[in-house]
Amino acid sequence: MKRFAGAVLTIASMMLSASAGAQGAPQGFSKEQVRSALQALLPAGVVIDELTLDGDRATAKGTASASEQVSQFMRRIDSAAEFEMPELLTIGNVNGRMEYAVSATVSCPADTVATGPGLCGSTPVKTRSVYKCRIDGTVTFQSTACPPGKDA
């Protein structure tokens, strides 16, 4: 994938789960269930072209009109109860479209109710904050507040 220097975003750090023991065991979700859950989080202009599952880790590859849309998708994944530890693997401008690859762990919180729509049934909403910072000319997303004067 061709990349333009200014189009590459990095994820400095994302909020980790509150505690390692708070997650339920891997549920063995189908690819269709995971795709449906991710598509519900897509902002307008973002498309998932390919989805792979490796154990409890899902990787989505696709295109977006702009890098900001991929950032919004990452924030939505981070705030969804069904997904943990999202990671931006690649992003770059190819023929006027942003191609991306993101990965996240699929996991239901231990306190979920087994009935209801979605991957985990009725799940509590996670509360997290993601900060967009510009550090040394690079835009990063992190779970801690940006250093003074570094808000992007």
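Owing to the predicted nature of the structure, the values given are computational and were not obtained by experimental measurement.

With respect to the overall build of the protein
Item 1. The number of helices and strands found in the protein is two helices and six strands.
Item 2. Its helices and strands in sequence order give the protein the pattern α-β-β-α-β-β-β-β, from N to C terminus.
Item 3. Within the protein, the proportion of its 152 residues that are buried is 39%.
Item 4. The contacts of the protein with a sequence gap of at least 6 include a subset with a gap of at least 24, amounting to 57%.

Things to note about the confidence of the model for the protein
Item 1. The share of residues in the protein with pLDDT of 70 or more is 66%, and the mean pLDDT across the chain is 73.
Item 2. Confidence scores differ between elements of the protein, with strand E5 (residues 131-135) showing the lowest mean pLDDT of 79 and strand E2 (residues 57-64) the highest of 95.
Item 3. In this model, residues 1-26 is a region of pLDDT below 50 whose contacts with residues beyond four sequence positions or in other chains number 60 contacts.
Item 4. Within the model, the stretch residues 122-127 combines pLDDT values under 50 with 16 contacts to residues more than four positions away or in other chains.

What about the nonpolar core?
Item 1. Ranked by size, the top nonpolar core spans 26 residues in total, and within it Val34, Leu38, Phe73, Ile77, Phe83, Tyr100 and Val102 carry the most contacts.
Item 2. Of all the secondary structure elements, the ones that give two or more residues to this core are helix H1 (31-39), strand E1 (46-54), E2, helix H2 (67-79), strand E3 (83-94) and strand E4 (97-106).

Details of the pattern of salt bridges
Item 1. Taken as a whole and assessed by the stated rule, the structure comprises one salt bridge.
Item 2. The salt bridge partner of Arg57 is Glu87, with a shortest N-O separation of 3.6 Å. Of this pair, Arg57 sits in strand E2 while Glu87 sits in strand E3, and the two are 30 residues apart along the sequence.

Some thoughts on the packing of aromatic side chains
Item 1. For the coordinates displayed, the defined rule picks out one aromatic pair.
Item 2. With a centroid separation of 6.1 Å and 75° between ring planes, the pair formed by Phe73 and Tyr100 is classed as edge-to-face. Of this pair, Phe73 sits in helix H2 while Tyr100 sits in strand E4, and the two are 27 residues apart along the sequence.
Item 3. We classify Tyr100 as buried; its relative accessible area is 2%.

Topic: H2
Item 1. Here H2 spans 19 Å end to end across 13 residues, near enough to the 18 Å set by a 1.5 Å rise per residue.
Item 2. Of all the positions in H2, only Ser67, Gln69, Val70, Ser71, Phe73, Met74, Ile77 and Asp78 are classed as buried.
Item 3. Contact partners of the buried residues in H2: H1, E1, E2, E3, E4 and strand E6 (138-142).

Structural notes on the sheet that holds E4
Item 1. Within the open sheet, the four strands sit side by side as E1-E2-E4-E3. Their pairing is antiparallel. The sheet is open, and its two edges are formed by E1 and E3, each paired on a single side. Sheet twist, expressed as the mean angle between neighbouring strand axes with direction ignored, is 15°.
Item 2. Summarising the sheet, E1 and E2 pair through eight bridges and their orientation is antiparallel.

Conventions used here
Residues numbered from 1 in each chain as written. Predicted model: local features only at pLDDT ≥ 70, side-chain atom pairs only at ≥ 80, totals over all residues. Heavy atoms only, no water. Helix = DSSP H or I, 4+ residues; strand = E, 2+ residues; numbered from the N terminus. Buried < 20%, exposed > 50% of the residue type's maximum accessible area, 1.4 Å probe, protein only. Contact = heavy atoms within 4.5 Å. pLDDT = per-residue confidence, 0-100. Core = buried A, V, L, I, M, F, W, Y, C linked by side-chain atoms within 4.5 Å. Salt bridge = Lys/Arg side-chain N within 4 Å of Asp/Glu carboxyl O. Phe/Tyr/Trp six-rings, centres within 6.5 Å; stacked < 30°, edge-to-face > 60°. Expected span 1.5 Å × (residues − 1). Pairing = 2+ DSSP bridges. Axes fitted to C-alpha atoms, helices over the stretch in contact; angles between N-to-C directions.

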